[in-house]
Amino acid sequence: MFLAIAQRLGQMLFVMLGISITVFLIFFATPGADPSARIAGRNASPEVLEAVRKSFGFDQPFYVQYLIMMKKIFISGDLTSFVNRGWKVVPAILDAIPVTLSLVIGAAVLWVIFAIIIGTVAAATRGSWLDKALMIMGLIGISMPVYWLGEVMNLITQSRFKDTWMFSWVPPLGYKNFSDSPKAWFLTLIIPWITLAILYIGLYARVLRANLIEAMQEDYVRTARAKGLSETRILLRHALRTSLISFITLFGLDFGALVGGAALLTEVVFDLHGVGKLTYEALLTLDLPVIMATVLYASIFVVLANALVDVIYIFLDPRVRTV
Amino acid sequence: MLEVRDLKVSFRTEQGLVQAIDGVSFSVAEGEILGVVGESGSGKTVSLLAVMGLITDPNALIEGSIKYKGRELVGLNAKEMRQLRGREIAMIFQDPMTALTPVYTIGWQIAEQIRAHNKISAKAAELRAIELLAEVNIPNPAEAIHRYPHQLSGGMRQRAVIAMALSCNPSLLVADEPTTALDVTVQAQILDLVRKLQRNHKSAVVFITHDMGVIAEIASRVMVMYAGRIVERGSQSQLFSSPLHPYTKALLDSIPPLEGPKPHRLKSIPGAPPTLLNRPAGCAFAPRCVNRFEACINTPALTANGHDAACFRVNP
């Protein structure tokens with residue numbers, strides 16, 4: 001079992017090496033995209049271009065450039081922005097990480113808990129009005145775009161009902177550090193958490209319900225019934241336990257992508273300066289070092305989340321344990 | 001001990017009501033092994049699932065009477081049925097590959113059943129699981145309880161399933177083709193095991209199979225089913241030495257003989273069993289029967305004199 005985990009973590013390093021090389025080649029070695037021309041700005045003289053090229057190492061072979069880039073990101077941490085000269089990229093990302101992690105982890109807790117409850121209740125009461133009502137609510141949740149839902153939430157909590165007893169506790173938009181005030185951190189994030197989680201609650205509840213209903217047709221559920229177990233126990237200990245395996249797969253993919261920047265829309269709507277927002281702004285100005293660093297960061301989280309899922313698998317599914 | 005009277009199971013479908021079991025009556029005495037033979041779709045599994053209360057399809061209708069030790073099971077509430085299931089009546093299923101939950105050890109799954117019916121500690125249940133695994137001849141049982149189903153071979157899994165079924169000393173064991181998914185040598189071991197356990201636990205066994213050879217091995221009484229009805233029933237020796245119903249005769253003829261000259265071709269029954277939706281009126285076997293005559297457009301009744309058949313040739 002520990003061998004399986006160690007092996008999985010080892011594979012992760014190789015995947016990340018591959019991603020970093022690919023990302024580097026896309027942004028710095030694409031023919032016709034001369035990075036030094038971007039830094040030097042329009043109508044720069046050949047001498048200026050040459051100077052830029054030399055100072056950034058663009059006159060050297062690609063593998064040297066790659067190594068310089070990796071050193072600047074991971075070792076010295078002194079990678080600077082092309083657009084805002086002198087702006088350090090790595091500290092900017094390190095500042096953005098807690099914001100995104102706070103947003104996504106909180107939303108993930110909400111969506112996992114509620115999706116499991118709703119999916120299980122719907123599967124247990126299959127065909128009833130409760131099941132139908134829950135699934136229609138899920139569908140509505142999936143259909144609402146997060147930027148629209150976020151704006152509606154803001155309209156309600158920040159403007160129209162701001163001064164009523166219902167939402168007077170909602171602080172103004174923006175992120176508060178957990179270390180400064182855990183309470184303020186929590187209060188500012190409640191509405192963003194709910195907004196981000198609603199889509200996933202709907203999606204995961206529907207997926208789980210379908211999985212559970214499928215599992216309830218399995219032979220081992222018939223065996224469990226023949227053993228004289230109660231329906232609740234069969235549903236929770238046998239069907240739900242096996243259904244969680246595919247639930248976790250989906251979770252790993254979504255969680256990794258969200259931490260890696262897919263929570264952008266939520267971050268923009270609620271004015272949270274997270275990784276998504278940072279990447280978005282870098283893309284607008286084609287700020288290559290920032291893009292490079294955020295994409296690498298995102299890939300690290302996607303790979304990490306998947307490795308984590310595989311480790312959870314090893315606990316959930318004994319069939320994976322034998323390597 | 002088990003008395004089934006005029007059991008009818010039907011399913012509501014888009015094509016109307018489909019009668020899967022059409023008036024089946026049989027009884028099982030204490031300690032006996034009743035063999036139930038029939039082709040796929042003849043209703044042998046459905047009728048025993050009805051006895052177990054395991055027909056969960058909301059579109060199923062169950063009529064008739066199933067009395068277990070004098071207690072009526074049809075219409076019994078779910079909780080009482082559950083207490084009976086697994087403790088009084090246990091079931092072994094056809095495919096040991098899928099019959100166990102893949103994410104729990106077999107020891108856990110056996111202990112789960114014991115603790116569902118008896119108030120004993122987890123430790124005691126585990127010890128009992130080890131005993132049971134030893135009883136079904138699983139080597140090194142103290143270690144085997146920690147194995148997951150995927151780590152065992154088909155024969156070992158079926159033994160674990162049998163150990164689980166026996167865990168609460170049931171008076172009635174329903175075995176639904178427990179040897180069909182296994183290879184022949186393992187089949188023989190499992191049959192020996194069922195016979196040995198039946199003697200030790202003094203349980204009655206209902207053994208469902210489509211294999212006449214297995215019936216010859218194990219059953220003391222036999223009932224032959226075709227298209228949801230019983231066509232013949234009697235003791236094992238009566239059925240094999242002097243079969244009455246043309247279907248039983250045809251089934252026995254289709255077994256390759258061990259002695260005498262090798263036949264050019266094995267005899268087979270022409271046609272296929274009817275689907276539940278278009279079961280012929282009258283005797284369901286008539287379209288495939290070599291002995292059919294005018295009377296066969298009516299439904300033949302089963303005689304009641306020990307060795308019975310539902311056929312107008314036998315009982316005009």
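Computed from a predicted model, the values in this text were never measured in an experiment. (Residues numbered from 1 in each chain as written. Chains lettered and ligands numbered in written order. Predicted model: local features only at pLDDT ≥ 70, side-chain atom pairs only at ≥ 80, totals over all residues. Heavy atoms only, no water.)

J.: Is there a simple way to think about the sheet that holds strand β11 (residues 308–309) of chain B in this case?
T.: Within a sheet, adjacent strands bond to each other through the backbone by hydrogen bonds, running parallel or antiparallel. All names here are of chain B. Taken in spatial order, the seven strands line up as β6-β7-β8-β3-β9-β10-β11 in an open sheet, and their pairing is mixed. Lying at the two open borders of the sheet, with one neighbouring strand each, are β6 (89–92) and β11. Examined bridge by bridge, strand β9 (residues 221–226) and strand β10 (residues 229–235) share six bridges and lie antiparallel to one another. Counted as the bridge partner of Val 224 is Glu 232 from β10. Along the sheet face, helix α6 (residues 154–166) touches β6 and β7 (172–176) and points at about 175 degrees away from the line of β6. (Pairing = 2+ DSSP bridges. Helix = DSSP H or I, 4+ residues; strand = E, 2+ residues; numbered from the N terminus. Contact = heavy atoms within 4.5 Å. Axes fitted to C-alpha atoms, helices over the stretch in contact; angles between N-to-C directions.)

J.: It is not clear to me how the sheet that holds strand β4 (residues 60–68) of chain B should be interpreted in this structure. Could you clarify?
T.: All names here are of chain B. The strand order across the open sheet built from four strands is β2-β1-β4-β5, with neighbouring strands paired in antiparallel fashion. Where the open sheet ends on each side, the last strands, each with one partner, are β2 (16–28) and β5 (71–72). Bridge count between β4 and β5: two bridges; the pairing is antiparallel. If you follow Tyr 68 over to β5, its bridge partner there is Arg 71.

J.: Can you help me understand the pattern of salt bridges in this one?
T.: Two side chains carrying opposite charge are able to pair once their charged atoms lie near each other. Following the criterion strictly, the structure yields 20 salt bridges over all chains and no others. A salt bridge links B:Arg5 to B:Glu3, with the shortest nitrogen-to-oxygen separation between them at 2.9 Å. Residue B:Glu39 pairs with B:Arg288 through a salt bridge whose shortest N-O separation is 3.5 Å. Within this pair, whereas B:Glu39 is found in the loop between β3 (33–37) and α1 (44–52), its partner B:Arg288 is found in the loop between α10 (246–253) and β11, the two being separated by 249 residues in sequence. On the basis of relative accessibility, which here comes to 22%, the residue B:Glu39 falls in the partly exposed class. When salt bridges that share partners are traced, they join A:Lys227, A:Arg233 and B:Glu112 into one network. (Salt bridge = Lys/Arg side-chain N within 4 Å of Asp/Glu carboxyl O. Buried < 20%, exposed > 50% of the residue type's maximum accessible area, 1.4 Å probe, protein only.)

J.: Would you explain the domain arrangement of chain B in this entry?
T.: Interface size is often expressed as the accessible area that is lost when the parts come together. Residue and element names in this part refer to chain B. Its domain assignment divides chain B into domain 1 (2–219) and domain 2 (220–316). Each partner contributes to the interface: domain 1 provides 30 residues, whereas domain 2 provides 25 residues. Taking both sides of the interface into account, the surface hidden between domain 1 and domain 2 amounts to around 2200 Å²; carbon and sulfur atoms contribute 56%. On the domain 1 side of the contact with domain 2, Asp 22, Glu 39 and Met 212 bury the most area, a combined 27% of that side's loss. At the junction of domain 1 and domain 2, the tally comes to three salt bridges. Measuring nitrogen to oxygen at the nearest pair gives 2.8 Å for the salt bridge that ties Arg 221 to Glu 32. Here domain 1 is connected to domain 2 by 17 residue pairs in polar contact (both at pLDDT 80 or more). Where the side of domain 1 that touches domain 2 is concerned, the elements lending two or more residues are β2, β3, α1 and α8 (212–218). Looking at the side of domain 1 that touches domain 2, the element that brings in the most residues is β2, giving ten residues. Each residue belonging to the side of domain 1 that touches domain 2 can be placed in one class, and the counts come to 15 nonpolar, ten polar and five charged. (Domains from an automatic or database assignment. Buried area = accessible area lost by both parts, 1.4 Å probe. Polar contact = N/O pair within 3.5 Å; in protein donor to acceptor, adjacent residues only side chain to side chain. Nonpolar A, V, L, I, M, F, W, Y, C, P; charged D, E, K, R; others polar.)

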